[in-house]
Amino acid sequence: MRRLTVTTTTASRKTSGKTSPSKPRPAAKTPGDTRLADEDPQFLRTLYRDMLFVRRFEERTAQSYQQAKIGGYCHLNLGEEATVVGLAAAMRPTDYLFTNYREHGYALAKGIEPGRVMAELYGRTTGTSKGWGGSMHMYDTATRLLGGYGIVGGQLPLAVGAALAVDYRGDDDVVVCQMGDGTTNIGAFHEALNIAALWRLPVVFLVINNQTGMGTTVEQSSSEPDLYKRAAAYRMRGERVDGTDVLAVRDIACDLLEGARNEGKPALLEAVSHRLKGHSVVDPAKYRSADDIAAARDHDPIVRFQAALRTAEVLTEQDVTEIEEGVRAEVAAAVEFADASPHPEPSSLFDYTYATPVEGDSRRLPADPLFTV
């Protein structure tokens with residue numbers, strides 16, 4: 001998967017201007033979307049390909065998990081591909097990204113080689129964290145993906161700290177801090193937004209509202225279900241976007257990122273989408289009704305975007321076939337790379353317990369004797 005880099009020009013980006021926090025941005029356009037005429041056709045095909053790549057990669061991840069090649073917890077971006085790719089299209093390569101544990105797609109979109117991402121899922125030494133992090137703890141300094149955090153909200157204080165460092169150094173990078181809808185109800189969320197607004201830090205908070213925090217709807221867990229409105233408590237700009245519309249995500253993300261970058265204006269963006277599967281790979285999602293499942297399928301971002309591109313004659317039947325074949329081949333190559341990569345040696349179990357040597361550090365494995373004679 002190729003890292004999207006977008007030049008902010010009239011041809012590649014048309015924002016519709018700022019909207020009031022009390023007025024959500026409009027939903028995705030119909031398949032006859034007139035916005036497509038303003039975009040470079042090759043750029044649109046790249047967006048489609050990258051969305052499809054995230055989808056096929058995650059589907060293959062689920063299969064590998066069922067084959068017991070992936071252990072631990074595993075959360076997929078299925079249904080959220082438009083938000084993942086739209087955000088990546090708006091970010092500069094030097095911008096920082098902090099995510100929660102549903103981050104495989106973000107790792108790919110940020111430019112990490114698919115083989116390294118899959119190898120990390122497999123727990124192999126060629127993975128992004130040498131096999132130590134697994135699904136929930138992707139990390140790559142080169143592409144500035146600074147986690148992958150398994151603790152809900154654990155990334156927020158760190159992202160604000162990174163934004164403070166950027167501001168202190170006088171750089172023009174921006175920090176994006178992604179989270180799920182459930183994170184907006186914890187203390188770190190409010191502390192992070194307060195400090196970011198008070199100190200005018202270059203950070204954009206992205207809330208992925210897939211409408212079901214684990215197994216509970218937003219309406220049942222939040223007294224203010226319009227999550228973007230929470231920005232108003234800190235005199236911060238808040239926006240809502242259709243998270244199944246890749247161009248809408250790209251446009252508003254560009255707008256908010258530039259505000260943070262050039263004017264020191266932090267912002268909160270709520271992207272509303274549908275989770276196509278359960279909370280994790282092992283979640284059967286029995287709490288969802290037949291209508292919920294149908295709505296998620298009707299709003300499939302890849303199906304809708306492909307239909308729009310076909311109507312606009314940006315994609316042909318042959319294009320769709322060739323893209324599909326190329327994506328499947330690249331995913332298969334990532335799996336092959338992961339399968340062929342070595343497991344960590346048991347002797348390396350304690351290598352990263354401390355950053356520097358510690359006197360008396362025990363490296364005894366469970367089967368080792370307490371004393372040697």
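This report concerns the structure included in the present document.

The rules behind the values
- Residues numbered from 1 in each chain as written.
- Predicted model: local features only at pLDDT ≥ 70, side-chain atom pairs only at ≥ 80, totals over all residues.
- Heavy atoms only, no water.
- 1 Å grid on protein atoms, 1.4 Å probe; cavity = no way out; pocket = protein on both sides within 12 Å on 5 of 7 lines; lining within 4 Å.
- Points joined across faces, edges and corners; volume = space filled by probe spheres on them.
- Helix = DSSP H or I, 4+ residues; strand = E, 2+ residues; numbered from the N terminus.
- Nonpolar A, V, L, I, M, F, W, Y, C, P; charged D, E, K, R; others polar.
- Buried < 20%, exposed > 50% of the residue type's maximum accessible area, 1.4 Å probe, protein only.
- Pairing = 2+ DSSP bridges.
- Phe/Tyr/Trp six-rings, centres within 6.5 Å; stacked < 30°, edge-to-face > 60°.
- Right-handed = clockwise from strand over helix to strand, strands pointing away.
- Axes fitted to C-alpha atoms, helices over the stretch in contact; angles between N-to-C directions.
- Parallel < 35°, antiparallel > 145°, perpendicular 65-115°, else oblique.
- Left-handed = near helix turned anticlockwise from the far one by under 90°.
- Contact = heavy atoms within 4.5 Å.

All right, on to empty space enclosed by the protein then. The final tally for this structure, using the stated rule, is 2 cavities of 30 Å³ or more. Considered as a void within the structure, the largest cavity measures approximately 40 Å³ in volume. Lining the largest cavity, in full, are Leu87, Val176, Val204, Leu206, Ala253, Leu256, Leu257 and Leu269. Those elements that place two or more of their residues in the lining of the largest cavity are strand S3 (203-209) and helix H8 (246-263). Looking at which element gives the most residues to the lining of the largest cavity, the answer is H8, with 3 residues. Counted by class, the lining of the largest cavity contains 8 nonpolar, no polar and no charged residues.

The next point concerns the pairing of strand S7 (residues 267-272). The element S7 is extensively covered by neighbouring structure, given that 5 of its 6 residues are classed as buried. When S3 meets S7, the two strands line up parallel, connected through 6 bridges. Across the sheet, residue Asn209 finds its bridge partner in S7, namely Val272. With 6 bridges joining them, strand S6 (residues 237-242) and S7 adopt parallel strand pairing. Its bridge partner lying in S7, Val241 is registered against Ala271.

Let us look at the packing of aromatic side chains. Geometry of an aromatic ring pair is reported as the spacing of the ring centres plus the angle between the planes. This structure, assessed with the given rule, holds 3 aromatic pairs. Ring centres of Phe98 and Tyr149 lie 6.3 Å apart, and the angle between their planes is 20°; this geometry places the pair in the stacked category. Taken together, the positions of Phe98 in strand S1 (residues 96-98) and Tyr149 in the loop between helix H4 (114-121) and helix H5 (155-169) put the pair 51 residues apart, joining distant regions of the chain.

This paragraph deals with the pairing of S6. Among the 6 residues of S6, 6 are classified as buried, and the element is accordingly described as predominantly covered. Between S6 and its parallel partner S7, the chain crosses via H8, and the hand of that crossover is right-handed.

Bringing the packing of H4 against helix H11 (residues 317-340) into the picture now. Direction vectors running N to C along H4 and H11 enclose 50°, while the axes themselves pass 8 Å from each other. Our classification of the angle between H4 and H11 gives oblique. As for the relative orientation of H4 and H11, their crossing is right-handed in sense. Judged by residue contacts, Pro114, Gly115, Arg116, Met118 and Ala119 of H4 engage Glu330, Ala334, Val335, Phe337 and Ala338 from H11.

Their axes nearest at 9 Å, the elements helix H1 (residues 41-66) and helix H2 (residues 81-90) cross at an angle of 130°. In terms of their interaxial angle, H1 and H2 are classed as oblique. The way H1 lies across H2 gives a crossing that is right-handed. Across the interface between the two elements, Phe43, Leu47, Asp50, Met51, Val54 and Arg55 of H1 pack against Glu81, Ala82, Val85 and Ala89 of H2. Counted by class, the contact of H1 with H2 contains 7 nonpolar, no polar and 3 charged residues.

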